[in-house]
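Take a look at the letters that make up each chain.
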Amino acid sequence: MRVREDSGVAAAADRRSRARHRMPRQAGVDEELMRALYREHAAPLLSYVLRLVAGDRQRAEDVVQETLIRAWKNAGRLQGGSGSVRPWLVTVARRIVIDGHRSRQARPQEVDPSPLDVMPAEDEIDKALWLMTLSDALDDLTPAHREVLVETYFKGRTVNEAAQSLGIPPGTVRSRVFYALRSMKLALQERGVTP
């Protein structure tokens, strides 16, 4: 009975020693293995990574976490190896930091959106109100005056083009544009729009 107890204690001590210095020789990776890895290697690895990332603790913690996840994913490869797991962990952590640095260099620099909050945007409501007022004022004009303004101002036609389109002489177009603009000015003033 005494032999079994001694061999059980020795085996437990051997397992703790292997967990401290290298991956245990188990077929599967369990929760205890990850705790042992974290307990034995996380603090030194964090110190090392902090130097690599210029003291950025959040980035360093992310790198350590990613390193331990990769160790967990590659436990099968690491089980057969002899010696400590720490050099492998340090190499993986260094490569993660380098990859992160390269990916930040490849991406365009992010821009702070706060200046956009200060920049005034074109107010579409004012534009919509202006168009509604203009449309309402055009409705107050006679049909002859309205069609001359539409042809010349809104369609951008010359007096001769408008005269040809409307089938009236160019002099009549000029006269109607003059009186239409005067009537339009009065209609807009009635609506509170001042020139």
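Let me sum up the structure you'll find in this document. Owing to the predicted nature of the structure, the values given are computational and were not obtained by experimental measurement. (Residues numbered from 1 in each chain as written. Predicted model: local features only at pLDDT ≥ 70, side-chain atom pairs only at ≥ 80, totals over all residues. Heavy atoms only, no water.)

Our focus in this paragraph is the overall build of the protein chain. The helix and strand tally for the protein chain stands at 10 helices and zero strands. Along the chain direction, N to C, the helices and strands of the protein chain fall in the order α-α-α-α-α-α-α-α-α-α. Out of the 195 residues in the protein chain, the part that is buried amounts to 25%. Restricting the contact set of the protein chain to residue pairs at least 6 apart, pairs at least 24 apart contribute 58%. Of the roughly 13,900 Å² of accessible surface on the protein chain, 54% is carried by carbon and sulfur atoms. (Helix = DSSP H or I, 4+ residues; strand = E, 2+ residues; numbered from the N terminus. Buried < 20%, exposed > 50% of the residue type's maximum accessible area, 1.4 Å probe, protein only. Contact = heavy atoms within 4.5 Å. Areas by Shrake-Rupley, 256 points an atom, 1.4 Å probe, with all protein chains shown as cover.)

This part is about the packing of helix H8 (residues 143-154) against helix H10 (residues 170-190). It is at 9 Å that the axes of H8 and H10 come closest, and there the two elements cross at 100°. Between H8 and H10, the interaxial angle falls into the category roughly perpendicular. From H8, Ala144, His145, Glu147, Val148, Leu149, Thr152 and Tyr153 reach across to H10, where they touch Val173, Arg176, Val177, Tyr179, Ala180, Leu181 and Met184. Its residues assigned to classes, the contact of H8 with H10 comprises 10 nonpolar, two polar and two charged. (Axes fitted to C-alpha atoms, helices over the stretch in contact; angles between N-to-C directions. Parallel < 35°, antiparallel > 145°, perpendicular 65-115°, else oblique. Nonpolar A, V, L, I, M, F, W, Y, C, P; charged D, E, K, R; others polar.)

For Ser165, the location among the structural elements is in helix H9 (residues 159-166). In this structure, the C-alpha to C-alpha distance between Ser165 and Glu151, residues 14 residues apart in sequence, is 8.3 Å. Excluding residues that lie within four positions of it along the chain, Ser165 makes contacts with Glu151 and Arg157.

Turning our attention to the packing of H9 against H10. Contact pair H9 / H10: the axes reach a minimum separation of 8 Å and the direction vectors enclose 105°. As summarised for this structure, H9 and H10 are arranged roughly perpendicular, according to the angle between their axes. Contacts from Val159, Asn160, Ala162 and Ala163 in H9 reach Pro170, Val173 and Arg174 in H10. Partitioning the contact of H9 with H10 into residue classes produces five nonpolar, one polar and one charged.

Tracing the backbone through its elements, the reader meets Thr152 in helix H8. Classification of Thr152 by relative accessible area gives buried; the value is 14%. Only 2.9 Å separates the side chain of Thr152 from the backbone oxygen of Val148, close enough to count as a polar contact. Apart from residues lying up to four places away in sequence, Thr152 is in contact with Arg157, Ala162, Val173 and Val177. (Polar contact = N/O pair within 3.5 Å; in protein donor to acceptor, adjacent residues only side chain to side chain.)

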